[in-house]
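Observations on the model geometry
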Amino acid sequence: MTPVILAPINIDNHFLLDEIIPELEYISKIKFIIKPLNIDISKAFSEERGQYHSTIILKLMLENLNEENSKVVGIVKNDLFIPVLTYVFGEAQLDGKCSLVSLFRLHEEFYSGNSDKNLLKQRTIKEILHELGHNFGLIHCKDWECVMHSSSSIEEVDIKGIKYCKSCIQIINKKLKS
Amino acid sequence: MEKKNKLLIVDDEEIVRQSLKAWFLEDGYEIDIAEDAEAALRLYEKNKYDLILLDIKMPGMSGMDLLIKLKEFDPDAIIILITAYASVSSAVKALKNGAYDYITKPIDPDELSHVVKNALNQKNLKDENIQLKTSIDEIIKPENLIGDSPKMKEVYSLIHTVSQTDTTVLILGDSGTGKELVAKAIHLNSKRKYFPLVTVNCGALPESILESELFGHEKGAFTGAHYKRKGKFEMANGGTIFLDEIGTISHKVQIELLRVIETKEFMRVGGSETIKSDFRVIAATNENLQNLVNSGQFREDLYYRLNVFNIQLPPLRERGDDVILLADYFLNKFSSAMNKKISSFDEEAIKFMQDYYWPGNVRELENAIERAVVVCHKDKITLDDLPFKVIKNVKEEEPLTERSLEAIEKKHIEKILSENNWNISKSAEELQIDRVTLYNKIKKYGLRKNN
Ligand SMILES: [Zn+2]
Ligand SMILES: [Zn+2]
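No experiment lies behind these values; they were computed from the predicted model shown.

Time to look at the overall build of chain B. For chain B, the count of helices and strands is 19 helices and 16 strands. Against the 2.2 N^0.38 benchmark of 22 Å for 451 residues, chain B shows a C-alpha radius of gyration of 28 Å, more extended than a compact globule. For chain B, the spread of C-alpha atoms along the principal axes amounts to about 95 × 50 × 40 Å. Counting every position in chain B, which comprises 451 residues, the buried fraction comes to 47%. With an accessible surface of roughly 23100 Å², chain B has 49% of that area assigned to carbon and sulfur atoms. Charged side chains in chain B number 63 positive and 73 negative. The centres of these two groups are separated by 2 Å.

Glancing now at helix α15 (residues 361-375) of chain B. All names here are of chain B. The terminal C-alpha atoms of α15 lie 21 Å apart, and with 15 residues this matches the ideal 21 Å at 1.5 Å per residue to within 8%. All buried positions along α15 are accounted for by N361, V362, E364, L365, A368, I369, A372 and V373. Looking down the long axis of α15, one finds its buried residues gathered within 165° of arc, a one-sided arrangement. Buried positions along α15 lie against α13 (322-337), β15 (344-345), α14 (347-355) and β16 (380-381).

Now for a nonpolar patch on the surface. There is a patch of nonpolar side chains on the surface, built from L94 and I139 of chain A together with L25 of chain B and spanning about 200 Å² of accessible area. Relative to the helices and strands, I139 of chain A is located in the loop between α4 (117-135) and α5 (154-159).

This paragraph deals with the side chain of S102 of chain A. Residue and element names in this part refer to chain A. Tracing the chain through its elements places S102 in strand β8 (residues 98-102). Note on S102: relative accessible area 2%, which makes it buried. Among the polar contacts listed, one links the side chain of S102 to the backbone nitrogen of F104, at a separation of 3.0 Å. The contacts of S102, once residues within four sequence positions are left out, are V76, K77, N78, D79, L80 and F89.

With that settled, the discussion passes to the coordination of the zinc ion (ligand 2). All names here are of chain A. Taken together, the protein ligands of the zinc ion (ligand 2) are C141 (SG), C146 (SG), C165 (SG) and C168 (SG), with distances of 2.3 to 2.4 Å. Each of the four donor atoms around the zinc ion (ligand 2) contributes to a set of angles spanning 105 to 115°, which defines the coordination as tetrahedral. Summarised as a motif, the one-chain spacing of the donors to the zinc ion (ligand 2) is C-x4-C-x18-C-x2-C. In this pair, C146 is assigned in the loop between α4 and α5 and C165 in the loop between α5 and α6 (166-177), connecting sequence segments 19 residues apart. For the pair C146 and C165, a shared accessibility class is recorded, and that class is buried.

Further remarks concern the sheet that holds strand β6 (residues 80-81) of chain A. Residue and element names in this part refer to chain A. Across the sheet, three strands lie side by side as β3-β4-β6; this open sheet has mixed pairing. Every other strand in the sheet has two partners, leaving β3 (45-46) and β6 as the edge strands with one partner each. In this sheet, β6 lies alongside strand β4 (residues 51-53) in parallel orientation, the contact comprising two bridges. Pairing of Y52 across the sheet is with L80, part of β6. Across the face of the sheet, helix α2 (residues 54-64) comes into contact with β4 and β6 while running at roughly 55° to β4.

Negative phi is the rule for most residues except glycine; trans is the rule for most peptide bonds. Residue and element names in this part refer to chain B. At the junction of K105 and P106, the peptide bond is cis and its omega measures out at -10° in the coordinates. Unusually for a residue other than glycine, N339 sits at a positive phi of about 60°. We classify N339 as exposed; its relative accessible area is 71%.

Looking now at the nonpolar core. Counting residues in each nonpolar core, the largest one holds 42 residues, and the members touching the most others are M61 of chain A together with F24 and L112 of chain B. With five residues, helix α5 (residues 109-128) of chain B is the single largest residue contributor to this core. When sequence neighbours within four positions are dropped, the list of residues in contact with F24 of chain B reads L7, I9, Y29, I31, L53, L112 and V116 of chain B. In this structure, F89, L106, L120 and I172 of chain A belong to the second largest nonpolar core, which totals 39 residues.

Okay, the interface of chain B and chain A next. In this assembly, 39 residues from chain B lie in contact with 36 residues from chain A. In this assembly, chain B packs against chain A so that about 3100 Å² is buried in total across both faces, 57% of it on carbon and sulfur atoms. A salt bridge links E145 of chain A to K184 of chain B, with the nearest nitrogen and oxygen atoms 3.1 Å apart. Listed by contribution, the elements that provide at least two residues to the side of chain B that touches chain A are α1 (14-25), α5, β9 (229-230) and α9 (232-235) of chain B.

If you check the domain split of chain B, you get domain 1 (6-135), domain 2 (146-312), domain 3 (318-392) and domain 4 (400-445). Centre-to-centre, using C-alpha coordinates, domain 3 of chain B lies 24 Å away from domain 4 of chain B.

Let us now look at the side chain of N121 of chain B. All names here are of chain B. Mapping N121 onto the fold places it in helix α5. N121 sits in the buried class, given a relative accessible area of 10%. With residues up to four places along the chain from it excluded, the contact list for N121 reads Y194 and F195.

Definitions and limits used
Residues numbered from 1 in each chain as written. Chains lettered and ligands numbered in written order. Predicted model: local features only at pLDDT ≥ 70, side-chain atom pairs only at ≥ 80, totals over all residues. Heavy atoms only, no water. Helix = DSSP H or I, 4+ residues; strand = E, 2+ residues; numbered from the N terminus. Rg over C-alpha atoms; globule rule 2.2 N^0.38 Å. Buried < 20%, exposed > 50% of the residue type's maximum accessible area, 1.4 Å probe, protein only. Areas by Shrake-Rupley, 256 points an atom, 1.4 Å probe, with all protein chains shown as cover. Lys, Arg positive; Asp, Glu negative; His and termini not counted. Charge placed at Lys NZ, Arg CZ, Asp CG, Glu CD. Expected span 1.5 Å × (residues − 1). Arc of directions from axis to C-beta. Contact = heavy atoms within 4.5 Å. Patch = residues over 30% accessible without salt bridge, like charges linked within 9 Å, V, L, I, M, F, W, Y side chains within 5 Å. Salt bridge = Lys/Arg side-chain N within 4 Å of Asp/Glu carboxyl O. Polar contact = N/O pair within 3.5 Å; in protein donor to acceptor, adjacent residues only side chain to side chain. Donors = N, O, S within 2.8 Å, 3.2 Å for Na, K, Ca; no water. Tetrahedral: all angles 85-135°; square planar, octahedral: opposite > 155°, others 65-115°. Pairing = 2+ DSSP bridges. Axes fitted to C-alpha atoms, helices over the stretch in contact; angles between N-to-C directions. Core = buried A, V, L, I, M, F, W, Y, C linked by side-chain atoms within 4.5 Å. Buried area = accessible area lost by both parts, 1.4 Å probe. Domains from an automatic or database assignment.

Have a look at this one:
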């Protein structure tokens, strides 16, 4: 089975990702590897908003990747948006190759001023699995314990589950086999 | 299979249409887009939409005029207007013209998602004409709520009864009996099932944090509060809030809880806006709340508020063969997670599990089997794989004669220590406390190893 690539984009220090790989693999039963990607994402920056347009970063990722069959989850430190919305935690090509997760709003410091490494790890795992799920064609799930439940605020990221529910994992497994 | 909701997005900006379309596709909706009112009308004639998102300001026919027109066709149409800050007043006018709601640009994703979900949930519930379960056999159980014993059947029957109502529920039972599973079952079988079940573990949080956890806080409410934060009661809007270990909360929080349960209104910490939330309360405790009321540690009025309908969960030792059903379930779960081929238990292990006292209930059983699966190297779990050292003593578990918690704690620590031959690390692990705490307790109770 081709592993999923976690691609820290312009992040030198990816110890956070190293640390969460075992849990990602345990939960998803999918193999992950880290492959840093250094690309110029300044094209995606909006002066007016001070944020990066996630759809453009996804396009840049596609242009710069040569892995044939694997799914790639890009990880950025920067705050992301799509036009009309004030921010997004990430974006994925539905039933596609690439997705993107921003760590910017997953830091607890952002909200309460207190740093909480464990919480950051949990949130990062959830967002990676969630966007990856979209790459496997999953849409949002009604089950709040499922990581594919929609979560448009950090509070929702925190209350939803960290695993795929039975029916979501089945869909992923089917995709992996075919 | 549930039917897909169909949305129509009307906006003159291409990039806005595409962004919103991509965003909503992830929700599994079917999406049509239109660049102006005319195109929207053409689509509307041929299709049925569950919801329409409409930019108020467009060249040609305005969103407002389109709203009026669509409402003429179909007075039940759900239309949400998108407006710039500048035109909030016209949005208010739109509400008078029959819009379901309006949102301002740039749109907060949380707000957009809620407005749309609430509207569709309302509509879907109406369409489904939701049939609540008519018999106990039909209740949905969380996967790990397992058991056929008479006592559990009684519990299922209570879950069935109470989930059809909005009544506050108090779940009682020793630790490890699975109170959170009962809460989940009630939620899943209620009309609130599409909204979240929000769990608060009251015992795990210090009072200072508990308040902002429960009620949220405003930006700048305290040092470091850079961003407003919704509390658990707000997150539970439409759904259920599960207050676990309710017996541990302070007097101050008890007063606030009582108020919020009665009024369904509260303010975020540091805020002045009154927030309304429609939630159902389920509380749980392993303590005897009546005793806490008698001794003045728990407010009587709050106790009565919570104890409207109670469900008592039996300890595992009173559940007959459920222990075997559960053991099989956990065996299956852990052996497949660890990729081991262990199919069953040998007779001795089964006999032991049936006779054991299980002071830690289902959780203790789960932990025991997880460990057994780790150490087992055959295709059957044997008694030796189970993490109990002094098995002989176990069956003759003597009834506790002491009444005070301290005396029982002392006795229990003594027992665990001797079972582990006074191995401090192992004993601390089993007692689920750290070694320093264990040393302190040994000192406190003057425990000594007698060869
Ligand atoms: Zn999503
Ligand atoms: Zn799911």
